[in-house]
There are 4 protein chains.
Amino acid sequence: MVKVGIIGATGYAGGELVRLLSRHREAKIVWYGSKSYIDQKFSAVYGNLFRIVDASCLDDNMEELSKEADVIFTATPQGLCASLINEEILKRTKIIDLSADFRIKDVSVYEKWYGIKHASPSYIEEAVYGLCEINREAVKQARLVANPGCYTTCSILTAYPLIKEGLIDSHSLIVDAKSGTSGAGRGAKVPNLFCEVNENIKAYGIASHRHTPEIEEQLGYAAGEELTISFTPHLVPMNRGILATEYALLKKKADGSLPTYEDLRAAYDKYYGKEKFIRILEKGVYPETKWVEGSNYVDIGFCIDERTGRAILLGAIDNLVKGAAGQAVQNMNLMFGFPEEEGLDLIPMFP
Amino acid sequence: MVKVGIIGATGYAGGELVRLLSRHREAKIVWYGSKSYIDQKFSAVYGNLFRIVDASCLDDNMEELSKEADVIFTATPQGLCASLINEEILKRTKIIDLSADFRIKDVSVYEKWYGIKHASPSYIEEAVYGLCEINREAVKQARLVANPGCYTTCSILTAYPLIKEGLIDSHSLIVDAKSGTSGAGRGAKVPNLFCEVNENIKAYGIASHRHTPEIEEQLGYAAGEELTISFTPHLVPMNRGILATEYALLKKKADGSLPTYEDLRAAYDKYYGKEKFIRILEKGVYPETKWVEGSNYVDIGFCIDERTGRAILLGAIDNLVKGAAGQAVQNMNLMFGFPEEEGLDLIPMFP
Amino acid sequence: MVKVGIIGATGYAGGELVRLLSRHREAKIVWYGSKSYIDQKFSAVYGNLFRIVDASCLDDNMEELSKEADVIFTATPQGLCASLINEEILKRTKIIDLSADFRIKDVSVYEKWYGIKHASPSYIEEAVYGLCEINREAVKQARLVANPGCYTTCSILTAYPLIKEGLIDSHSLIVDAKSGTSGAGRGAKVPNLFCEVNENIKAYGIASHRHTPEIEEQLGYAAGEELTISFTPHLVPMNRGILATEYALLKKKADGSLPTYEDLRAAYDKYYGKEKFIRILEKGVYPETKWVEGSNYVDIGFCIDERTGRAILLGAIDNLVKGAAGQAVQNMNLMFGFPEEEGLDLIPMFP
Amino acid sequence: MVKVGIIGATGYAGGELVRLLSRHREAKIVWYGSKSYIDQKFSAVYGNLFRIVDASCLDDNMEELSKEADVIFTATPQGLCASLINEEILKRTKIIDLSADFRIKDVSVYEKWYGIKHASPSYIEEAVYGLCEINREAVKQARLVANPGCYTTCSILTAYPLIKEGLIDSHSLIVDAKSGTSGAGRGAKVPNLFCEVNENIKAYGIASHRHTPEIEEQLGYAAGEELTISFTPHLVPMNRGILATEYALLKKKADGSLPTYEDLRAAYDKYYGKEKFIRILEKGVYPETKWVEGSNYVDIGFCIDERTGRAILLGAIDNLVKGAAGQAVQNMNLMFGFPEEEGLDLIPMFP
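All values reported here derive from a predicted model rather than from experimental measurement.

Parameters and conventions
Residues numbered from 1 in each chain as written. Chains lettered and ligands numbered in written order. Predicted model: local features only at pLDDT ≥ 70, side-chain atom pairs only at ≥ 80, totals over all residues. Heavy atoms only, no water. Buried < 20%, exposed > 50% of the residue type's maximum accessible area, 1.4 Å probe, protein only. Helix = DSSP H or I, 4+ residues; strand = E, 2+ residues; numbered from the N terminus. Arc of directions from axis to C-beta. Contact = heavy atoms within 4.5 Å. Polar contact = N/O pair within 3.5 Å; in protein donor to acceptor, adjacent residues only side chain to side chain. 1 Å grid on protein atoms, 1.4 Å probe; cavity = no way out; pocket = protein on both sides within 12 Å on 5 of 7 lines; lining within 4 Å. Points joined across faces, edges and corners; volume = space filled by probe spheres on them. Nonpolar A, V, L, I, M, F, W, Y, C, P; charged D, E, K, R; others polar. Salt bridge = Lys/Arg side-chain N within 4 Å of Asp/Glu carboxyl O. Buried area = accessible area lost by both parts, 1.4 Å probe. Least-squares fit on C-alpha atoms with pLDDT ≥ 70 in both. Pairing = 2+ DSSP bridges.

A. Spotlight on helix α7 (residues 132-141) of chain C. All names here are of chain C. Of the positions making up α7, those classed as buried are C132, E133, R136 and V139. All buried residues of α7 project into a common sector of 100° when viewed along the axis, lining one side. For α7, exposure combined with an orientation more than 90 degrees from the buried face picks out E137 and Q141. Along its buried surface, α7 packs onto β5 (128-129), β6 (144-146), α8 (150-164), β11 (278-280) and α12 (321-336).

Written out as structure tokens, the structure reads:
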């Protein structure tokens, strides 16, 4: 039984970690860390867990926690994990960081987009980018995993096989993403009030959202060259779910013809054919976020628009599961040699 | 492995049965019955089940189905189950009817409130009202279970211990209930369109809703006398969840004093103290439907209003789980001797 | 042209006052008071008013404001208006207070339910309770109007004629009310976040909500005696709207018979027959909050439940219009002799 | 007083026409046409209009109606207006068609995308495309106006000045649009049920939506050449509102440099500077659909993404107002010489 500590357990991603790990047969939560609710019953913060979790919240003391836990999840704001980590801790425990601190290899890019100084740049090199389906083998060996962002998980996985196989012009890639409001966290801010979000849709972070360089870096590895994309997130009046609509020009094949639907399908099958958590939908079927709600699935559909020579790709995830806590658990499973789907065998809920 | 057939598998309650039974370790669905989607892949109707359920829908042939299944769930409109049932079928298979056909013992009451003639009144006597926490032992012996209605499950369980113990005046009981829209089913009707329900709340079935006599009958058994209640359902712009707010005058105890909070608490503990699926919340905490979403829990909170001499009771369930499919599976578990929580060990999802 | 000042213009009720007054032909806003947004453009706070309101926010200086405005609306937290008001101000300007400070005649009741000391008890006697349809003549003479609460407006108007005419037993009255989330204001609090409210319904303030004594006082005047009611508010995942479902035992008439539907209808017609803003729905039709959204209407429907001997009354308003800003403007119209519907001739928006 | 007839008055666009025209000082509705609700009170279909509209619904008899009305709005499915129109009718009355029948000049394009034969191709030439801000003078002379589609109104107006001025590469234009559910109409279809739409987002009509050729034709006129765009609509869980997010490569200016923010702003100001209903937001502010809800405004924001060389344009409208009924009334005002904003002087409602 692996002992698990969570720092930031009372945020939405933290709460979702608790939901998932409470049914995990190989893991046991020993530390519910929270800055705001120390000494309060965890189930007083999340009433859904009444009579399921009996523990109270502890502080965010990573030093002490590292002595008790085999693995620590940090579901905390940017900068915190980097400020707490050190060699002593990493020798004692594995860390899965749900913040952005170790996602981006180029520290100057991190510091520019996030506007803060990185407190532990020396660990960036070692950290493994925990996109399980792409970096599975590296994750297995890691002691520090950078759990990908929600938008990035969805955006990258939706385009990855086509870029890897050179079927689309990666410089033409545009990602128009739509997210439920839990992605904004549980902080008490006016823009996230019910009355501000409900019956409303807006874009935000236009040409400036922090997930942009993360997508660019990872898809750049797939493309074998640096690339620049347009990424526009939108806030949708729903709790959970991300839908990414992606546009890219098709790239001519060696024989001068444009790729067909079957070419694209073959690329998806090549990389994802055996993946439990990625479902390539049937031709003509496109993802709906409701179909993945509460689960760790990524649903992907796509088509070729012959009129414009573009591929249109659509991917959907539950931002709190595959986009945060679920993928973090999947990473833990890989790191500890558990079956990859342990604790994640969740059927999406409809309606 | 018990073989399960579902008639009406493509309605919301039917779809929820599929979700729950797909993770049940002792049951296997062998028949996905549907009037509207015969020969279509079940996962084409419910995209959430893509790659989880591979079967196609069959017709609603109970005769044939009874030869293949050990138990049949009928998640169908009123009247259908009663019209199909017969001794041959009941000799071969158990039936859990999610419609109202066998819930009400007095056939004239059924026929008056439902406005249809009962096709199999001879089985009413035998049928067991499947409110598991109240009728557990009878359910274990049953071959025909009448699965309770969604409003009724919530309304009855919330008041039952207090009526049984004579702590409230059952003639003064008023149930003001609020339900998510999945309770209205998946039929294509204008009043259930998104734009009609969203940003709106209304009452319906005022002084005439069909769940009224069902509540009255069951609470009448608890009271040991016939009773008449006011029951008003409301339609709330959310998918799932029922909240029942109940008002009743406190009944003087033998010593002439009014019952205290502790008296009421003791009654709840007496009847529900060992129940896995009923959570009596702590003093001052009242249920929210979100806390039970996706789970089989019933959450109950209550208080005494000394100014008015009333008890105010609040109960919450997920109408599709404890209010329909979950309770049906719980009944199946009882009927076949499985652990009562098998397939129902679901943690509510928040947010 | 009446000059209007608003203190608390950037809350939801304040913003609604701006929306309504911007189309009022006899009024002109000269002061947009705000504690949080001083010197910021009002339209930067409420983007809907871009190019409609050009002014910037000022502070909440009632002293100075009273020299510039003919009437001041205070859409502020409890206690503020009472703390600012004085004879100098009232000699210069009329005040319509949207807080609870002057609604309750018994200062000890106010202090008990609100938990604060009243700073200007000497003005309570003078203040007119601004429920226009009931107190129209007094409002016309008032210099200080206590604008009723949202729940109270809906709850009182729905029951008033029946209590006034002695058709129902006022001691048996139970008000189960449901409100959209704008009633909770624009403060940044976790319980009002989108993800906490959406897909959820809960009761709050059970047996303790502050609108209770306000309803009791006003209905007590109608009954001609003190009365005690049960009042339970619920939070509904929608922006606007209040629905009050009210239950009361019918009171025998002089001849010993129970009142009929027609008796109740006659009472409603007697008091509301000429009211522009109160719509008594046709028999068998019950209000939906969507039907009054954005307007100053009160919709009322009712029925007699012969089985239980109760009347069930339903009333609906838009909490920000008739429940706050609309009624405040209606009061202003009365106080200044304008046509009562000026600025309020709004057609509800559907969907 | 202009006499107005509405065919299809009980759909959502028809209902909105009634809402707007009921407050229009120069128009009077004389015919509420409806296929489904003949002889029923209009206010029984739209409860919001109780006591505001007293009339009952009539059939969809355009022949007879044309003898009574000065102008007819057809808010009906594709094909109906074209099948009813003839010279006799057009001699007697003006027609504003809210369907697509007369929007596309090339009848073969219409027949290909809509899959129906056009019944009156001879009137296509004469029909004026009623995008008021672009075709104002032609509308004034028209007797047959093709009222633009909801997506198209928003998509075209957002990009028009930049294409007209050659600031963006029109061949690179991608429109990713998001719409509230009222755009799907009031037909009783499973995909539009509350439980299917709520807590969900999906794309539909991918690379095949019928508004695509309409956008292409109109923007082609602005570009001075044919163009092909990618257009992807999405269904959002809200009642009203369209947000269009548009991407296009900036086109080098004569001096070889890329256009600046100020260049784009100047283009918007040139075409829309005097438009009452188009609001160009301030730099760094982007539209939210809630800010235009219930009004005839188009809100536009934009930025230059220097990293990618693209302009990102965002436009928002209320799909039932500027996207349907509001623009239709605006067209009527132009055709009859009324002030263009008559009946449309609506302040958006927030929240």
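Still more ground to cover, so stick around.
B. Main features of the side chain of D:E133. Residues and elements named next belong to chain D. Summarising the element assignment, E133 is placed in helix α7 (residues 132-141). What makes E133 buried here is its relative accessible area of 8%. Within the local environment of E133, its side chain forms a polar contact with the side chain of K322, the two groups lying 2.8 Å apart. Ignoring any residue separated from it by four or fewer positions in sequence, one finds E133 in contact with L157, E275, F277, I278, K322, Q327 and Q330.

C. Structural context of empty space enclosed by the protein. In the structure shown here, the tally under the stated rule is four cavities of 30 Å³ or more. As a volume, the largest cavity reaches approximately 50 Å³. Together, A:N198, A:P237, B:F194, B:N198, B:P237, C:N198, C:P237, D:F194, D:N198 and D:P237 line the largest cavity. Of the residues belonging to the lining of the largest cavity, the class tally is six nonpolar, four polar and no charged.

D. Spotlight on the interface of chain D and chain B. With 19 residues of chain D at the interface, the matching set in chain B holds 19 residues. Where chain D meets chain B, there are two salt bridges. The partner of D:R186 in a salt bridge is B:E196, and the shortest N-O contact between them spans 2.9 Å. Among the residues forming the side of chain D that touches chain B, the class breakdown is nine nonpolar, six polar and four charged.

E. The interface of chain D and chain A, seen in detail. Facing 48 residues of chain D, the contacting portion of chain A comprises 48 residues. Carbon and sulfur atoms supply 57% of the area that chain D and chain A bury against each other, a total of about 4000 Å² over both sides. The three residues of chain D that bury the most area against chain A are D:E199, D:I201 and D:R307, which together make up 18% of that side's buried surface. Applying the counting rule to chain D against chain A returns six salt bridges. Here D:E288 and A:K202 are joined by a salt bridge, their closest N and O atoms 4.0 Å apart. Counting residues per element, the ones that place at least two in the side of chain D that touches chain A are β7 (174-179), α9 (194-197), β8 (202-203), α10 (211-223), β9 (230-235), β10 (242-249), β12 (298-305) and β13 (310-317) of chain D. A per-element tally of the side of chain D that touches chain A places β7(D) first, with four residues. Partitioning the side of chain D that touches chain A into residue classes produces 22 nonpolar, 13 polar and 13 charged.

F. Broad picture of the relation of the copies chain D and chain A. Turning chain D through 180° and shifting it by 0.0 Å along the axis lays it on chain A, with an RMSD of 0.0 Å. Expressed as a symmetry operation, the mapping of one chain copy onto the other fits a two-fold axis. Among all C-alpha atoms of chain D, that of D:P237 lies closest to the rotation axis, at 3.2 Å. Counting the interface residues of chain D, we find that 100% of their copies in chain A are interface residues as well, pointing to one common contact surface.

G. Up close: the sheet that holds β11(C). All names here are of chain C. Spatially, β8-β9-β7-β10-β13-β12-β11 is the arrangement adopted by the seven strands of the open sheet, whose pairing is mixed. The strands lining the two open edges of the sheet, one partner per strand, are β8 (202-203) and β11. Sheet topology places β8 next to strand β9 (residues 230-235); two bridges connect them, and they run antiparallel. Bridge pairing links K202 to L235 in β9.

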